[in-house]
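# Notes for the structure review
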Amino acid sequence: MPAHYCRKSSSKKYIERSFNSKMEVYQEYKNWSKGRQLPIASRQVFVDEFDAGDFAIFRPRKDQCDLCVSYAEGKVSEATYTLHRLQKDMAQKAKEDDKKRASESGDGCILFKLVHDEDWKELIVRGNSTSIKHQPKPLFSSQRQIAAAKFKHLQELKPVIPKDIHGFYDSLPHE
Ligand SMILES: [Zn+2]
């Protein structure tokens, strides 16, 4: 089987043709062996040899998540994978629904769900009026004085402070 090394950091031998699963590779091997009237190893033996040989099915992983990849490599159970597929379909449908809703409702309301099959709830958006109502009272009626020593030290920094800002330091209320 032709193999090539496509990642320097990995010692795995990647199979050149793009297979989606080990079973596809096994099928290919079976056909190859049949054509040459060679004895055919069982699936289990094949998979064991495949793993022992440190082979891997190379595939651009952009479109597949780790679980899907693990399943293709025979590391994840059928049940886990089925559930994963179901959740993926549900998420895809929910996304389509959301997009549809977003384009339909032009009333400025934001509706949300925490669970896909629950009803929509309206998101309470805090408006400007409430923030005015809850304006906190200032703790002090005027700018607080800084200590005399602090004022003096700040004055001493003037040589390294741009001249146009000196006024700020002069106007600081102080003891
Ligand atoms: Zn997946």
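Residues numbered from 1 in each chain as written. Predicted model: local features only at pLDDT ≥ 70, side-chain atom pairs only at ≥ 80, totals over all residues.

## What to know about the overall build of the chain
Quick reminder of the rule: Numbering goes from the N terminus for both helices and strands, where a helix is a DSSP run of H or I of at least four residues and a strand is a run of E of at least two. The burial criterion counts other C-beta atoms lying within 10 Å of a residue's C-beta, which is placed from the backbone; the residue is buried at 20 or more, exposed at 12 or fewer, and partly exposed between these limits. Note on contacts: residues are paired as contacts if their backbone-placed C-beta atoms lie within 7 Å.
Scanning the chain from terminus to terminus reveals seven helices and five strands. Taken from the N to the C terminus, the helices and strands of the chain come in the order β-β-α-α-β-α-α-β-β-α-α-α. Looking at the chain as a whole, 2% of its 175 residues qualify as buried. Taking all contacts inside the chain whose residues are at least 6 apart in sequence as the whole, residues at least 24 apart take part in 44%.

## Brief notes about unusual backbone geometry
Despite not being glycine, Gln 37 shows a phi value in the positive range, around 50°. Within the secondary structure, Gln 37 sits in the loop between helix H1 (22–35) and helix H2 (43–52). Looking at Gln 37, the number of C-beta atoms within 10 Å reads 6, which means it is exposed.

## Digging into the packing of H1 against H2
Rules: Lines fitted to C-alpha atoms define the axes, with helix axes restricted to the stretch in contact, and inter-axis angles between N-to-C directions lie between 0 and 180 degrees. Put simply, angles under 35 degrees are roughly parallel, angles over 145 are roughly antiparallel, angles from 65 to 115 are roughly perpendicular, and the rest are oblique. Note: crossing handedness is left-handed where the near helix turns anticlockwise from the far helix by less than a right angle, and right-handed where it turns clockwise. Lys, Arg, Asp and Glu make up the charged group, whereas Ala, Val, Leu, Ile, Met, Phe, Trp, Tyr, Cys and Pro make up the nonpolar group; the residues left over, Gly among them, are polar.
Across the interface, H1 lies against H2 with an axial gap of 10 Å and an inter-helix angle of 110°. The orientation of H1 relative to H2 falls into the category roughly perpendicular. The hand of the H1/H2 crossing is right-handed. Between H1 and H2, the residues in contact are Lys 22, Tyr 26 and Tyr 29 and Arg 43, Phe 46, Val 47 and Phe 50, respectively. Class assignment for the residues of the contact of H1 with H2 results in five nonpolar, no polar and two charged.

## Quick word on the confidence of the model for the chain
Counted only if it meets this: Every residue carries a pLDDT, the predictor's confidence in it, which falls somewhere between 0 and 100.
Predicted confidence across the chain gives a mean pLDDT of 81, with 79% of residues reaching 70 or more. Of all helices and strands in the chain, the one with the weakest mean pLDDT is strand E1 (residues 3–4) (42), whereas helix H6 (residues 148–156) scores best (94).

## Concerning H1
How we decide: Between the first and last residue of a helix there are one fewer steps than residues, each counted as 1.5 Å, and that sum is the expected span.
The end-to-end C-alpha separation of H1 is 20 Å, in line with the 20 Å expected for 14 residues at 1.5 Å each. Directly after H1, the chain includes Gln 37, whose backbone phi takes a positive value near 50°.

## Structural notes on the environment of Leu 157
Secondary-structure assignment places Leu 157 in the loop between H6 and helix H7 (166–170). Residue Leu 157 is classed as exposed on the basis of its 10 C-beta neighbours within 10 Å. Along the primary structure Leu 157 and Tyr 169 are separated by 12 residues, whereas in three dimensions their C-alpha atoms are 9.6 Å apart.

## Quick word on the environment of Ala 94
Here Ala 94 shows up in helix H4 (residues 78–104). Judged by the 14 C-beta atoms lying within 10 Å of it, Ala 94 falls in the partly exposed class. Distance in space between the C-alpha atoms of Ala 94 and His 116 is 6.6 Å, their sequence separation being 22 residues.

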